[in-house]
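# Residue-level structural notes
Spelled out, the chains give:
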Amino acid sequence: MTDKPKKPVSGRTTSPNSPEFMKFISAGWADETSKLPAKADAAGYAAKRRATVAEAFPGKILVIEAGGNVTRSNDTEYRYRAHTSFAHLTGWGAKTVPDSVLVIDARAHAHHSQLFFRKTAGRETEEFFTNAAIGEFWVGPRPGLDSVAALLDIETHDLAELDELLSKLPDDLVLRLSDADLAQFLDELRLVKDEYEIEQMRGAVAASVEGFHDVIRALPKAINHERGERVIETAFFARARMDGNDLGYETIAASGSHACILHWIQNDGPVREGDLLLLDAGVELESLYTADVTRTIPITGHFNPTQRKVYEAVLEAADAAFAIAKPGVLFQELHEAAMEVIAKKMIEWGFIDITLEEALAGDRQLHRRWMVHGTSHHLGMDVHDCDKARKEMYREAPLREGMVFTIEPGLYFQPDDLRVPEEFRGIGVRIEDDVLVTEFGVENLTAALPRHPDDVEAWMAATA
Ligand code: GLY
Ligand code: MN
Ligand code: MN
């Protein structure tokens, strides 16, 4: 598990490794500065979370792995992303050293946490200069043990010591993330956000809002490009990267009937005047918290009557969920409130010929032909956060202050749907907001982005 990533074998190049060369490259570098970083804002919150986990698993040793790099192809890797539970329990976000491991020893009353990571190899080693997988000449400097201890306020050790520690422990004492009970507990631990997490969510939303504004500005360029959706995707990504952030998931830049493909991430279609553009995108901060926002906008700046009719129906469904959202209401009741509106509309428009009671009964739900996804999901470090939580803790659970989730109904009329009149075909609309449960209701964190169709049109006119 803690094997060092090997130096990739390749017939492509050779590097000198004569004693003379190694001596030459190892020396002549300025001394490292040893200023320790200040304690991270997340550190105290992460310590509390570790204490909660230790209390829930007395007598066990919990091994929480950050995970390693994932290969994209051959010897190139995707941008590294630590496991969410590891980040949540350490406070270490985007700068986590790959393959790090948190060990929480809950055998004694006062639990003991240790963080193992691959410490800097030192310039006297061959690894430093020649290992393209982990050598610091290749992938950048790694922090020292003292530095991470100061940053995260945790005991740190070299990863090389971990195997020996684990080899001394009886197997039945050790729980890892592959253990279903532990994984479930850790996901349920994130259902209610603490004040640090809420602040991060606000930051992720604010950064995402800027990206949406930039996309509106990029529309003329997108219209004039044969792969206009790529221009849209890039405008959002550029804002995220220029602000020093990343994305929480692949952007969905879906123009025209692509909006009916729920997870359209190919983003290679044109952006045509007269169509709608559905943009589902979220910025992820260095702390790994992400927003998840969708706006559907008329590319010319004005909805046509059918587009507006569909848009207003979706908005009404979203507003129905907003209207009842408060502590004590069951999570699934939000979906039911939104679906009642959608079912009513589909009956009113003559797309299904049954009563509302029949439509909503059991798993009949014929109106779901036009909205097959759910209305809400928890949101945090994972875009679909807390996914391993039990249904009693998730969809069947009452809302609690501090929960953050999406409200995102939609209507999608596929271009080949013979059950709807022609003018509806190819129209897809989703409105997705991120909300925080407060004492008496919910706060719409994404309220800075217009939702009402008149406001969307005014926003586009003002941004043009
Ligand atoms: N962006 C994926 C979702 O809305 O759930
Ligand atoms: Mn979502
Ligand atoms: Mn989304």
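All values derive from a computational prediction rather than experimental measurement.

Here the focus is the side chain of Asp385. Looking at the element boundaries, Asp385 is found in the loop between α13 (356–360) and β13 (404–407). Setting aside chain neighbours within four positions, we find Asp385 in contact with Arg190, Lys193, His378, Leu379, Gly380 and Tyr394.

Now for the site of ligand 1. Around ligand 1 sit Tyr249, Asp280, Asp292, His377, His384, Glu408 and Glu432, and that is every residue in its neighbourhood. In the environment of ligand 1, an oxygen atom lies 3.0 Å from a nitrogen or oxygen atom belonging to the side chain of His377. Within the contact set of ligand 1, an oxygen atom lies 3.1 Å away from a side-chain nitrogen or oxygen of Glu408. Look at ligand 1: alone it shows 200 Å² of surface, and the protein chains cover 90% of it.

On the protein side, the manganese ion (ligand 3) has Asp280 (OD), Asp280 (OD), Asp292 (OD) and Glu432 (OE) as donor atoms, found 2.0 to 2.3 Å from it. Mapped onto the sequence, the residues coordinating the manganese ion (ligand 3) show the spacing D-x11-D-x139-E.

The subject of this paragraph is a nonpolar patch on the surface. Taken together, the side chains of Trp29, Phe137, Trp138 and Val139 make up a nonpolar region of the molecular surface, amounting to roughly 450 Å² of accessible area. Of note, Val139 is situated in helix α5 (residues 136–139).

With that out of the way, let us pick up the sheet that holds strand β4 (residues 101–105). Spatial strand order, β6-β5-β4-β1-β7: five strands in an open sheet with mixed pairing. What marks the edges here is a single partner per strand, and that holds for β6 (155–158) and β7 (174–176). Within the sheet, the average angular offset between the axes of one strand and its neighbour, ignoring direction, is 25°. Of the strand pairs in this sheet, strand β1 (residues 61–65) and β7 are connected by three bridges, and their pairing is parallel. What sits directly across from Ile61, in β7, is Val174.

Here the focus is the coordination of the manganese ion (ligand 2). Coordination sphere of the manganese ion (ligand 2), protein contribution only: Asp292 (OD), His377 (NE2), Glu408 (OE) and Glu432 (OE), at 2.0 to 2.2 Å. Around the manganese ion (ligand 2), the six donor atoms are arranged such that angles at the metal cover 52 to 155°; this shape is classified as irregular. Donor residues for the manganese ion (ligand 2), ordered by position in the chain, follow D-x84-H-x30-E-x23-E. Between the manganese ion (ligand 2) and the manganese ion (ligand 3), a spacing of 3.3 Å is present, and a bridge between the two is formed by Asp292. Of this pair, Glu408 sits in the loop between β13 and β14 (410–412) while Glu432 sits in the loop between β15 (428–430) and β16 (433–437), and the two are 24 residues apart along the sequence. Glu432 shares its class with Glu408; the two are buried.

Conventions adopted
- One numbering rule holds for all chains: residues counted from 1, following each sequence as written.
- Lettering for chains starts from A, numbering for ligands starts from 1, and both go in the order in which the items are written.
- In view of the model being predicted, local features appear only for residues whose pLDDT reaches at least 70, and side-chain atom pairs are presented and counted only at 80 or more, with totals across whole chains, interfaces and linings using the full set of residues.
- Water and hydrogen atoms were dropped before computing side-chain values, which therefore reflect all heavy atoms in the structure.
- Going along the chain from the N terminus, every DSSP run of H or I of four or more residues is numbered as a helix, and every run of E of two or more is numbered as a strand.
- Throughout, a residue-residue contact means that at least one pair of heavy atoms, one from each residue, lies within 4.5 Å.
- A cutoff of 4 Å decides nearness: a residue is near a molecule or strand if any of its heavy atoms lies inside that distance of it.
- N or O atoms within 3.5 Å of each other form a polar contact, as long as, within protein, one can give a hydrogen and the other can take it, and as long as residues adjacent in sequence are counted only when both atoms are side-chain atoms.
- Areas reported here follow the Shrake-Rupley algorithm with a probe of radius 1.4 Å; residue values treat only the protein chains shown as occluding.
- For Na, K and Ca the donor cutoff is 3.2 Å, while for all other metals N, O and S atoms count as donors only within 2.8 Å; water does not appear among the atoms, so some sites may look incomplete.
- Each patch is assembled from residues with relative accessible area greater than 30% and no salt bridge, linking like charges that lie within 9 Å and nonpolar side chains (Val, Leu, Ile, Met, Phe, Trp, Tyr) that lie within 5 Å.
- Only one rule defines a salt bridge in this text: a Lys or Arg side-chain nitrogen within 4 Å of an Asp or Glu carboxyl oxygen.
- Strand pairing requires that DSSP identify at least two bridges connecting the strands.
- Angular values range over 0 to 180 degrees, each being the angle between N-to-C directions of two axes fitted as lines to C-alpha atoms, with helices fitted over their stretch in contact.
- Irregular is the label for any site that misses the other tests, which are tetrahedral for four donors with all angles between 85 and 135 degrees, and square planar for four donors or octahedral for six when opposite donors exceed 155 degrees and the remaining angles lie between 65 and 115.
- Burial status follows relative accessibility: with a 1.4 Å probe on protein chains alone, a residue under 20% of its type maximum counts as buried, one over 50% as exposed, and anything between as partly exposed.

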